[in-house]
Amino acid sequence: MKSVIFRTVAPFLSSLMMLFSIFVLLRGHNEPGGGFIGGLIAVSALAIYGIAHGVETVRRAILFHPMAIAGAGLLAATVAGLISLAAGVPFMTGLWIYPSVLGVEIPLSTVMLFDTGVYLVVVGAISSVALSLEERGGE
Amino acid sequence: MDIAALTFLALGLPFLAALVAPALTRLLGQNAAWILALVPAAVFAHFLRFVPEVSNGEIVTGGYAWIPSFNVSFSWLIDGLSLTFVLLISGIGALIVLYSGGYLKGHPHQGRFFSFILMFMGSMQGLVASDSFLMLFVFWELTSITSFLLIGFDHGREAARRAALQALVVTGGGGLLLLAGLLILWNVSGITQFSLLLSFGSELKQSPFYLAVLLLVLGGAFTKSAQFPFHFWLPNAMEAPTPVSAYLHSATMVKAGVYLLMRLNPVLGGTPEWQILLPLFGVATLVAGAALAVRQTDLKLMLAYTTMSSLGLLVMLTGLGEPYAIEAAALYLVAHALFKGALFMVAGIIDHETGSRNLTELGGLRSAMPLTFAIALGAALSMGGLPPFFGFLAKEEIYAALSAADLRSIVFAALTILGNALMFAVAFAIALKPFLGPKASTPLHPHEAPVQLWLGPAVLALKGLSLALMSGLAHRLISSPMASAIAGEPRSVEISLVPHIGAPLLLSVITVAAGVAFYLSLARLRGAMATILADFGWGPDRGFDQFMRALVRSAVAVTRRFQSGRLDVYMTVTFILVAVVLLAVPFRYGEFPRAPFFATDVPLHELAIMIIAVAGLVAIMVAPDRLTAIVSLGVQGFAVAMIFLLYGAPDLSFTQFMIETLSVVVLALVMTRLRLSPSDHRPLRQKLPDLAIALACGLGFCLLLLRATGVPFNASLTEFFNQYSKSIAHGANVVNVIIVDFRGTDTLGEITVVMIAGLAILALVRLRAGALKRAAAGAEIVVNEQDVEERV
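Residues numbered from 1 in each chain as written. Chains lettered and ligands numbered in written order. Predicted model: local features only at pLDDT ≥ 70, side-chain atom pairs only at ≥ 80, totals over all residues.

Participant: Just to check I follow, could you spell out the overall build of chain B for this structure?
Facilitator: When helices and strands are tallied, chain B shows 34 helices and two strands. The C-alpha atoms of chain B give a radius of gyration of 36 Å, which is well past the 28 Å a tight globule of 792 residues would have. Along the first, second and third principal axes, the C-alpha set of chain B runs to 115 × 60 × 55 Å. Across the 792 residues that make up chain B, the buried fraction comes to 44%. (Helix = DSSP H or I, 4+ residues; strand = E, 2+ residues; numbered from the N terminus. Rg over C-alpha atoms; globule rule 2.2 N^0.38 Å. Buried ≥ 20, exposed ≤ 12 C-beta atoms within 10 Å, placed from the backbone.)

Participant: Would you explain the overall build of chain A in this entry?
Facilitator: Secondary structure summary: chain A contains five helices and four strands in total. When its helices and strands are written in sequence order, chain A yields α-α-α-α-β-β-β-β-α. Taking the principal axes of the C-alpha coordinates as reference, chain A spans close to 55 × 30 × 25 Å. Expressed as a percentage of the 139 residues in chain A, the buried residues total 42%.

Participant: When you look at helix 1 (residues 3-28) of chain B in this model, what are you seeing that I'm missing?
Facilitator: Side chains three or four residues apart in an α-helix point the same way, a direct result of the helix having 3.6 residues per turn. Residues and elements named next belong to chain B. Over its 26 residues, helix 1 extends only 33 Å from the first C-alpha to the last, a length that falls short of the 38 Å expected when each residue adds 1.5 Å. At Val20, helix 1 shows its largest kink, close to 40°, and the proline Pro22 lies no more than four residues downstream. All buried positions along helix 1 are accounted for by Thr7, Ala10, Leu11, Leu13, Pro14, Ala17, Ala18, Ala21 and Thr25. Contacts from the buried residues of helix 1 go to helix 2 (32-36), helix 3 (38-48), strand 1 (60-67), strand 2 (72-78) and helix 6 (110-129). (Expected span 1.5 Å × (residues − 1). Bend = angle between axes of the 7 residues up to and from the residue. Contact = placed C-beta atoms within 7 Å.)

Participant: Got a minute to help me understand the interface of chain A and chain B in this structure?
Facilitator: Residue-level contacts link 40 residues of chain A with 38 residues of chain B. Of the residues forming the side of chain A that touches chain B, the biggest block, 17 residues, is contributed by helix 5 (residues 110-137) of chain A. Partitioning the side of chain A that touches chain B into residue classes produces 23 nonpolar, 13 polar and four charged. (Nonpolar A, V, L, I, M, F, W, Y, C, P; charged D, E, K, R; others polar.)

Participant: Can you walk me through the domain arrangement of chain B in this structure?
Facilitator: For interface size, the figure often reported is the accessible area lost on association. Domain parsing of chain B yields domain 1 (275-520), domain 2 (603-676) and domain 3 (743-792). With centres defined by C-alpha atoms, the gap from domain 1 of chain B to domain 3 of chain B works out at 54 Å. (Domains from an automatic or database assignment.)

Participant: Please clarify how the environment of Gly616 of chain B should be interpreted in this entry.
Facilitator: Of note, Gly616 of chain B is situated in helix 27 (residues 604-622). Expressed as a C-alpha distance, the spacing of Gly616 of chain B and Ala414 of chain B, which sit 202 residues apart in the sequence, is 91 Å.

Participant: Could you clarify how one ought to interpret the pairing of strand 1 of chain B in this entry?
Facilitator: Two faces belong to every sheet, and in a regular strand the side chains alternate between them. Residue and element names in this part refer to chain B. With seven bridges connecting them, strand 1 and strand 2 associate as antiparallel partners. From the neighbouring strand, Ile67 faces strand 2, where its bridge partner is Val72. The hairpin turn running from strand 1 into strand 2, its antiparallel successor, is four residues long, and Asn71 in that turn takes a positive phi close to 60°. (Pairing = 2+ DSSP bridges.)

Participant: Sorry if this is basic, but what is going on with unusual backbone geometry here?
Facilitator: It is generally the case that most residues other than glycine have a negative phi and that most peptide bonds are trans. Residues Phe228 of chain B and Pro229 of chain B are joined by a peptide bond in cis, for which omega reads 5°. Examined against the element boundaries, Pro229 of chain B turns out to sit in the loop between helix 11 (210-224) and helix 12 (233-236). The amide bond that connects Pro387 of chain B to the next residue, Pro388 of chain B, takes the cis arrangement and shows omega of 5°. On the secondary structure map, Pro388 of chain B appears in the loop between helix 18 (370-383) and helix 19 (390-402). A positive phi angle, close to 75°, is found at Met92 of chain A, a residue other than glycine. Notably, Ala226 of chain B is not glycine yet its phi reads approximately 55°, a positive angle. Looking at the secondary structure, you find Ala226 of chain B in the loop between helix 11 and helix 12. Among the residues examined, Ala226 of chain B registers 29 C-beta atoms within 10 Å and is labelled buried.

Participant: How should helix 28 (residues 626-646) of chain B be read in this particular structure?
Facilitator: Spanning 21 residues, helix 28 of chain B covers 31 Å between terminal C-alpha atoms, matching the ideal 30 Å at 1.5 Å per step. Positive phi appears at Gly648 of chain B, one or two residues downstream of helix 28 of chain B, with a value of about 80°.

Participant: Mind showing me how you'd approach the packing of helix 16 (residues 299-320) of chain B against helix 17 (residues 325-354) of chain B here?
Facilitator: A pair of packed helices can be characterised by two numbers: the angle between their axes and the separation between those axes. Residues and elements named next belong to chain B. Helix 17 packs onto helix 16 with a crossing angle of 175° between their chain directions and a minimal axis gap of 10 Å. Judged on the interaxial angle alone, helix 17 and helix 16 are roughly antiparallel. In this structure, helix 16 uses Leu299, Lys300, Leu303, Thr307, Ser310, Leu313, Leu314, Leu317, Thr318 and Leu320 to contact helix 17, whose residues at the interface are Ala325, Ala328, Ala329, Tyr332, Leu333, His336, Lys340, Leu343, Phe344, Ala347 and Ile350. A breakdown of the residues in the contact of helix 16 with helix 17 according to their chemical character gives 15 nonpolar, four polar and two charged. (Axes fitted to C-alpha atoms, helices over the stretch in contact; angles between N-to-C directions. Parallel < 35°, antiparallel > 145°, perpendicular 65-115°, else oblique.)

Participant: Explain the nonpolar core here, please?
Facilitator: One recurring pattern in soluble globular proteins: nonpolar side chains tend to sit buried together. Judged by nonpolar contacts, the single largest core of 204 residues is most densely connected at Ile117, Leu317, Ala328, Tyr332, Leu343, Ala379 and Ile430 of chain B. Here the element with the most residues in this core is helix 17 of chain B; it accounts for 21 residues. Setting aside residues no more than four positions away along its own chain, Leu343 of chain B makes contact with Leu303, Ala376, Ala379, Ala380, Met383 and Ile430 of chain B. Counting residues in hydrophobic clusters, the runner-up holds 52 residues, among them Ala45 and Val111 of chain A together with Ala729 and Leu748 of chain B. (Core = buried A, V, L, I, M, F, W, Y, C linked by C-beta atoms within 7 Å.)

Participant: Looking at this structure, I do not really get the environment of Tyr98 of chain A. What am I missing?
Facilitator: Residue and element names in this part refer to chain A. Position of Tyr98 relative to the elements: it lies in the loop between strand 1 (96-97) and strand 2 (100-101). Judged by local crowding, Tyr98 falls into the exposed class, with 9 C-beta atoms found within 10 Å. A C-alpha to C-alpha distance of 20 Å links Tyr98 and Val79, two positions 19 residues apart in sequence. Apart from residues no more than four positions distant in its own chain, Tyr98 is found in contact with Glu105 and Pro107.

Participant: Explain the environment of His605 of chain B here, please?
Facilitator: Looking at where His605 of chain B falls in the secondary structure, it is placed in helix 27. Distance in space between the C-alpha atoms of His605 of chain B and Leu646 of chain B is 10.0 Å, their sequence separation being 41 residues.

Participant: Before we go on, may I ask you to explain the confidence of the model for chain B in this structure?
Facilitator: The predicted structure's coordinates, where accompanied by low pLDDT, should not be read in detail. Residue and element names in this part refer to chain B. Per-residue pLDDT for chain B averages 86, and the proportion of residues at 70 or more is 96%. Note on residues 780-792: pLDDT is under 50 here. Beyond four places in sequence and across chains, it has four contacts. Note on the complex model: pTM 0.73, ipTM 0.91. (pLDDT = per-residue confidence, 0-100.)

Participant: Sorry if this is basic, but what is going on with the packing of helix 6 of chain B against helix 7 (residues 133-151) of chain B here?
Facilitator: Residues and elements named next belong to chain B. Across the interface, helix 6 lies against helix 7 with an axial gap of 8 Å and an inter-helix angle of 155°. As far as their axial angle goes, helix 7 and helix 6 are roughly antiparallel. Regarding helix 6 and helix 7, the two cross each other, and that crossing is left-handed. Residues Phe116, Ile117, Met119, Phe120, Ser123, Met124, Gly126 and Leu127 of helix 6 pack against Met135, Leu136, Phe139, Trp140, Leu142, Thr143, Thr146, Ser147, Leu149 and Leu150 of helix 7. Its residues assigned to classes, the contact of helix 6 with helix 7 shows 13 nonpolar, five polar and no charged. (Left-handed = near helix turned anticlockwise from the far one by under 90°.)

In structure tokens form, the structure reads like this:
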């Protein structure tokens, strides 16, 4: 893309969107949001970055092949379900712990791990499709 | 362990052995055969323990429930019939494993071969031991599959691959008929086990479905047991290594059909249909097989065709319905397994040691291979029906069954004498011609076979002798229980080596005399048969090729018709169906919504959003190019998302926003990638039907939604989630809690689908245009090859 303005703004916009996507993912349990929406926002961020700076740059930036990210997400979601099984309760039962870090109580749960898995699957699967389309489309 | 657990183990043991066979062979080479042969030997020893009980007329059943709700079990039935079969399968199986050790010595895939043959053995003994229909069918198909692997073992050769496929198609097709027959039997009787079926026989014969069951079962049995005109796969299966021919095509697999007929004889037998169809096909197979055997010069092919005639003889005897016929079938089945197995192995030895199995190229081997000669002679004497071998007893009993004075018996007796005399000639041609006469030069310098090769046939030939010498014991332990099981009532076999002057002996003498005459004029007979067959030209073997070609061509035609590969055709069909379903249901059931209630006090901003949505739709239709249409679709989607937001569904709305954004991006990318023409060039005559389909779908969805929202809202789920979302799942956002917690397993499935869909799309995107072209060109070549073949 030739627009200088777009090329200049795109990295900042993408980073902000990426940060926002994680925020949306984490707040999802109590406010509108969650893994699916967060994942879609992250994909949009990657797509914008890709349009501005080329697919290769994006692929270098995310370090892993997008499908590997999706696979890790699916694994995380499955493990989140299996942890409950290991704890002797039915598959996918939500388990919570409340560790205290620097005096602040932080609720952690298998549900959160699961939602993170959803986020990663969406990011990986859809961005892998979008990136490969961008790559070929530019030829 | 109790006897039931041991029997279960014995039925599964060959499969376990098949798992370790390759590793063991890599470790020990051909000597692995000595260890692997212990498996069938152990099975043999286990089933030997049932002999005293079964010879007292008892029936041993056992098993485990499998799918109790369908009355399906894994259960076995050990009576005289199945016990004889199991002992033959495991006993000969042990010898065959040893023989394969010598025969395939040094073969790079010997371990795989052991594995296949053990799997086959397990399937075959499972088949004959089965009590439940389903188990019989599963094992029946397993024998087809394993024999496919064995016949095609030498898969580098075209002929072997063709023979394997042919055997699979013919016997597998027959298996489907059998399945249908068994299912009807199950439906009619409500019984799923052979042991319970006996008491149902008379009712079944009255049933209007009797003929259907009979024909379907015969379809299965005749294909498996190579009855004319389904016999052609058996001689072609001689492409397999000789141990396979000796095992599958003499003693075991081809007898499965005969076994089935014998097993069902008490239930289906005795009717006019049974007594017409079985003897008719049987005797046709007997004579055709014997005549075709004479035509051949390849030792294995000669044996294959005589096997076909022996199977015909067995089918004929099973259906004959005369006194002594069942007893004769039982005796001949055992005798045949022993002598034919031995002769096949002898043919393999000759092939292995001389490099040729063509009768006209062999001669004078008696001094080089005296032991093989003796074994061959012993087996041939039994096959020719000469005393003091078991075959003699069988032949006497056959003629006893055929010696009645009515026309039917006389015709069958005459044809049987013809078939038997031809088989006599073939037997001695195989046992004498390669060994007598002047020494012929062969590709290899002949030596006596090593012990692994001669042990099997020697044991079988000696067994044929010893069973006859101790005929009283053999009858009490084996023949009589077997005949009783086939007949469904107690039978006793009395025949002994002491000949009684009478009609049977006379027929025997005629057979031997005719056999000697045929033997002396074998070369002339062969020439005559060759001329006849050449004149005839067409045979079932060629018919099979024509059938397969027609099948492939019709499959191609059907695929081309329904899978055009054009996306617009698929879309049109799909949406026509959607419209039909949406519109037909309200018409059929009168479920139309009431006239919708139009609110008059819509706030201005809501009205504006709706106008934007409609404007987006209009813009799609009038858009000059595709990119504008895509963006307009996005506009419409954003408007809908706004409506969601206004009506209290922020999660849904956010998702919709993101999806719309990404759809526009992805669609635009797809458009550039596909290099479509920038605008839509459909002619009007295509646009109008598309418009009609779109309107019908829209109307249908409109009606459906109005009707659905017209139903009083059931708030129980809403209440449940509102009440428990925070207290149980620690989350205030009900939508998210449902997705990740209450219905988390659903979500797990959904993200799996997302991932798989992503992989599939990625694969499609990556398909290079060149690869596509290559694949298309390959398909073209296949089609062309078929055309060329046809023209040739």
